[in-house]
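# Working through the structure, step by step
Here is what each chain is made of, one letter per residue.
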Amino acid sequence: MLYVILVTSILASLYEFKKFKEKQYVREIVFSSILLIIGVILIILRIVSIKLPTPLTGIQILSQPISRLLTEMLS
């Protein structure tokens, strides 16, 4: 399963990057590469059953100090 994902992502990126290279879109190549690498890493982590935090966890961590501040101000 892992090899299928890696081969598919490599083939898709080669197809896409070929078009970008013809038009000399360097920023698009870099941005697409970064997103592809992040996506492949997340898929691999998901396959090997590593528990990943949800976006809600990040939102809670970021909003917790604001919540405490508002609670202190209103009490």
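Quantities reported herein were computed from a predicted structural model and do not represent experimental measurements. (Residues numbered from 1 in each chain as written. Predicted model: local features only at pLDDT ≥ 70, side-chain atom pairs only at ≥ 80, totals over all residues. Heavy atoms only, no water.)

### Digging into the packing of aromatic side chains
What counts is decided by this rule: Two rings from Phe, Tyr or Trp (for Trp, the six-membered ring) form a pair when their centres sit within 6.5 Å of each other. Planes less than 30 degrees apart are called stacked, planes more than 60 degrees apart edge-to-face, and all others tilted. Throughout this description, buried means an accessible area under 20% of the type-specific maximum (1.4 Å probe, protein chains only), exposed means over 50%, and partly exposed covers the range between.
Scanning all chains against the criterion turns up one aromatic pair. A centroid spacing of 6.2 Å and a plane angle of 55° characterise the contact between Phe20 and Tyr25, whose relative ring orientation is tilted. With a relative accessible area of 37%, Tyr25 lands in the partly exposed category.

### Focus: the confidence of the model for the protein chain
Using the following cut-off: A score between 0 and 100, pLDDT records how confident the predictor is in each residue. In DSSP terms, a helix is any run of H or I states spanning at least four residues, a strand is any run of E spanning at least two, and both are numbered starting from the N terminus.
Confidence in the prediction of the protein chain, expressed as mean pLDDT, is 88, and 100% of residues score 70 or more. For the protein chain, the element scoring lowest by mean pLDDT is helix α1 (residues 2–23), at 85; helix α3 (residues 55–74) scores highest, at 91.

### Looking at the packing of α1 against helix α2 (residues 26–47)
Applied cut-off: An axis is simply a line fitted to the C-alpha atoms; with a helix, the fit covers only the stretch in contact. Between two such axes, the angle follows the N-to-C directions and lies from 0 to 180 degrees. In this scheme, roughly parallel covers angles under 35 degrees and roughly antiparallel covers those over 145, while 65 to 115 is roughly perpendicular and the rest are oblique. For this analysis, residues touch if any pair of their heavy atoms sits within 4.5 Å. Side-chain classes are defined by residue name, with Ala, Val, Leu, Ile, Met, Phe, Trp, Tyr, Cys and Pro counting as nonpolar, Asp, Glu, Lys and Arg as charged, and the others, Gly among them, as polar.
Their axes nearest at 11 Å, the elements α1 and α2 cross at an angle of 170°. Regarding the angle of α1 to α2, the classification is roughly antiparallel. Packed against α1, whose contacting residues are Leu2, Ile5, Leu6, Ser9, Ser13, Glu16, Phe17, Phe20 and Lys21, the element α2 presents Glu28, Ile29, Ser32, Ser33, Leu36, Val40, Ile43, Ile44 and Ile47 at the interface. For the contact of α1 with α2, the per-class residue count stands at eleven nonpolar, four polar and three charged.

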